[in-house]
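Below, each chain spelled out in residue letters.
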Amino acid sequence: AGASAWALRGEEFACANEECAPFSDDFGAAPRLRYRRTGGELTLGLRLSPFARFLGGFRLERVSAEALPAPAAEYRPPPIHLGVSRVSTLVGTWEYDSRNDAFLPREGLRLASQVAFSSRLLGSDYEFSRYWLQGESAFALAGLPLRVQLQVGALQQDAPFFDRFYAADTSSYAVASAPARTI
């Protein structure tokens, strides 16, 4: 069993142009979306075997979002409801992990799948379902730990931007800011 809680606030660029080119000299003048997220998640797990487990959870959060358009600029906000909204989601996760080390594995396999469902039936202001699969194989080459990882995800309907998939989500070594492009 587990529980987590969070409170955060942030800002996202809301330029019609992905690079916010008209504001490259002064990003402070660019149109933005200011938001706050406060919520938590309760999770229960069941160990199915020495290497596999199933987790079921419920996430509830309050989101407030405010548009900060710039004068004489085209405003394109990230997908989110303006004002105050609520996200309530049922989440199911299955994991299989036979790696010999979680940080620098030299052998083993990790498989994971997750389904998330948000609906007005659960008290949410968003209706969406989210599907995610991940596979990872670890091996050693000349004594160095290496891994090959593959992920795929799909999303249906009206998910807020923080529940969507972005190319930069999978990169630990992003050099510059990534445009908010869903994949």
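My aim in this report is to walk through the structure given alongside it, one point at a time. (Residues numbered from 1 in each chain as written. Predicted model: local features only at pLDDT ≥ 70, side-chain atom pairs only at ≥ 80, totals over all residues. Heavy atoms only, no water.)

1. What to know about the overall build of the protein
Then comes step 1: Secondary structure assignment for the protein yields zero helices and seven strands.
Then comes step 2: Judged by the C-alpha coordinates and their principal axes, the protein covers about 60 × 45 × 25 Å.
Then comes step 3: For the protein, the residues scored as buried account for 30% of the 183 residues in total.
Then comes step 4: Partitioning the contacts of the protein with sequence separation of at least 6, the portion at a separation of at least 24 is 56%. (Helix = DSSP H or I, 4+ residues; strand = E, 2+ residues; numbered from the N terminus. Buried < 20%, exposed > 50% of the residue type's maximum accessible area, 1.4 Å probe, protein only. Contact = heavy atoms within 4.5 Å.)

2. A closer look at the side chain of Asp 163
Then comes step 1: Note that Asp 163 resides in the segment after β7 (144-157).
Then comes step 2: Other than its neighbours up to four places away in sequence, Asp 163 contacts Arg 59, Val 87, Phe 128, Arg 130 and Leu 155.

3. Considering the packing of aromatic side chains
Then comes step 1: On inspection of all chains with the given rule, the structure shows three aromatic pairs.
Then comes step 2: Ring centres of Tyr 35 and Phe 161 lie 5.1 Å apart, and the angle between their planes is 80°; on these two criteria the pair is classed as edge-to-face. Of the two residues, Tyr 35 sits in strand β2 (residues 32-47) while Phe 161 sits in the segment after β7, which places them 126 residues apart along the sequence.
Then comes step 3: Judged by its relative accessible area of 8%, Phe 161 is buried.
Then comes step 4: Arranged with centres 5.5 Å apart and planes meeting at 75°, the rings of Phe 161 and Phe 162 form a pair that is edge-to-face. Of the two residues, Phe 161 and Phe 162, neither departs from the other in class, the shared state being buried.
Then comes step 5: Grouped by ring-pair contacts, the aromatic residues Tyr 35, Phe 161 and Phe 162 constitute a single cluster. (Phe/Tyr/Trp six-rings, centres within 6.5 Å; stacked < 30°, edge-to-face > 60°.)

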